[in-house]
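Secondary and tertiary structure notes
Single-letter residue listing:
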Amino acid sequence: MGQLEGKTAVVTGGGTGIGLATAARLVSEGAHVFITGRREDVLDRAVESIGSAVTAVPGDIAEPADLDRLYDAVRDRGRGLDVVFANAASATFAPLAQATGEQFDQIFGVNVRGTLLTVQKALPLLNDGASVILNASVRADDGWEDYGLYAASKAAVRSLARTWANELKGRGVRVNAVSPGAIDTPGIDTAVGEENAAAVKADLATGVPVGRIGRPEEVAAAVAFLASADSSFMLGTTLYVDGGEKQF
Ligand SMILES: NC(=O)c1ccc[n+]([C@@H]2O[C@H](COP(=O)([O-])OP(=O)(O)OC[C@H]3O[C@@H](n4cnc5c(N)ncnc54)[C@H](OP(=O)(O)O)[C@@H]3O)[C@@H](O)[C@H]2O)c1
């Protein structure tokens, strides 16, 4: 028996990287998982790779109507919702002097407003004992050059996990965050450019005490733990999956 037998889960950004690994892990634990993301072909490949107990609903978390379609599909299944992994995010970087209002609106529109809408629109469907997990980042805790807008958006996400945990505890719904360090996903390739990705990943590894960057499956394991009753005494916290980066 898996830890999530008979449960229903939503994973935003479930077509690639950490979201895909988490969707696969939640399915292996017995859940039926709804994944969303903007690229339909990417979602189709994810469904094929996971194999069963997964439904793709293409959409943009910054678009309320798209989230409505996602949750309509969950509602139509008729079993409520037990796990929400609000994972989708946008990462672009610019120093203070070059950052634009459009860039601010885009990053905060997806990472903060999109996360708000993802969780808010899930509320009517959440079953007793449901678990909501927000994907933050270790960048919420430091001041890396050029990362200002992304880092600030992730600090906001981390903050929202605390407030929402407090607001939803009366319903028996737990909200927590994961805070990954550098993880080997297509997200890094997109953010820094394919041609720079290998060098950037090697450089990132030098800052990680375990001597390497992480695998998406290692974050998925932490999310599965927060999704399950094994984490029943964890509320409003952040679980770091960072190879020690922020611990020493
Ligand atoms: N990789 C790392 O080192 C690292 C470290 C700390 C935190 N994180 C966080 O981990 C999460 C996943 O990132 P990742 O590294 O796995 O990168 P990724 O492979 O690029 O995954 C991001 C996913 O989100 C989807 N997405 C992006 N914008 C969206 C939107 N507006 N609506 C719906 N889906 C959207 C993307 O699909 P579409 O483009 O098709 O929409 C993609 O599948 C993010 O929150 C990121 O900030 C990553």
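Residues numbered from 1 in each chain as written. Predicted model: local features only at pLDDT ≥ 70, side-chain atom pairs only at ≥ 80, totals over all residues. Heavy atoms only, no water.

Per an unreviewed UniProt entry, the protein carries the name NAD(P)-dependent dehydrogenase (Short-subunit alcohol dehydrogenase family) and comes from Streptomyces griseoloalbus. Listed in UniProt under the heading Sequence similarities (unreviewed entry), the comment for the protein reads: "Belongs to the short-chain dehydrogenases/reductases (SDR) family." (UniProt positions renumbered as here; feature names shortened; annotations may be inferred.)

Brief notes about the site of the ligand
Taken together, 27 residues are adjacent to the ligand, and Thr16, Arg38, Asn87, Tyr150 and Thr185 come closest. For the ligand, the accessible surface in isolation is 870 Å², of which the surrounding protein chains cover 90%. When contributions to the shell around the ligand are tallied by element, the ones reaching two or more residues are helix H1 (17-28), helix H5 (148-168) and helix H6 (186-192). With 3 residues, H6 is the single largest residue contributor to the shell around the ligand. Taken together, the residues of the shell around the ligand break down into 12 nonpolar, 11 polar and 4 charged. (Near = heavy atom within 4 Å. Areas by Shrake-Rupley, 256 points an atom, 1.4 Å probe, with all protein chains shown as cover. Helix = DSSP H or I, 4+ residues; strand = E, 2+ residues; numbered from the N terminus. Nonpolar A, V, L, I, M, F, W, Y, C, P; charged D, E, K, R; others polar.)

Side note on the UniProt feature "domain: Ketoreductase" (unreviewed entry) in the protein
Mapped onto this numbering, the UniProt entry annotates "domain: Ketoreductase" (unreviewed entry) at residues 7-181. Across residues 7-181, helical content stands at 46% and strand content at 21%; the span's end C-alpha atoms are separated by 28 Å.

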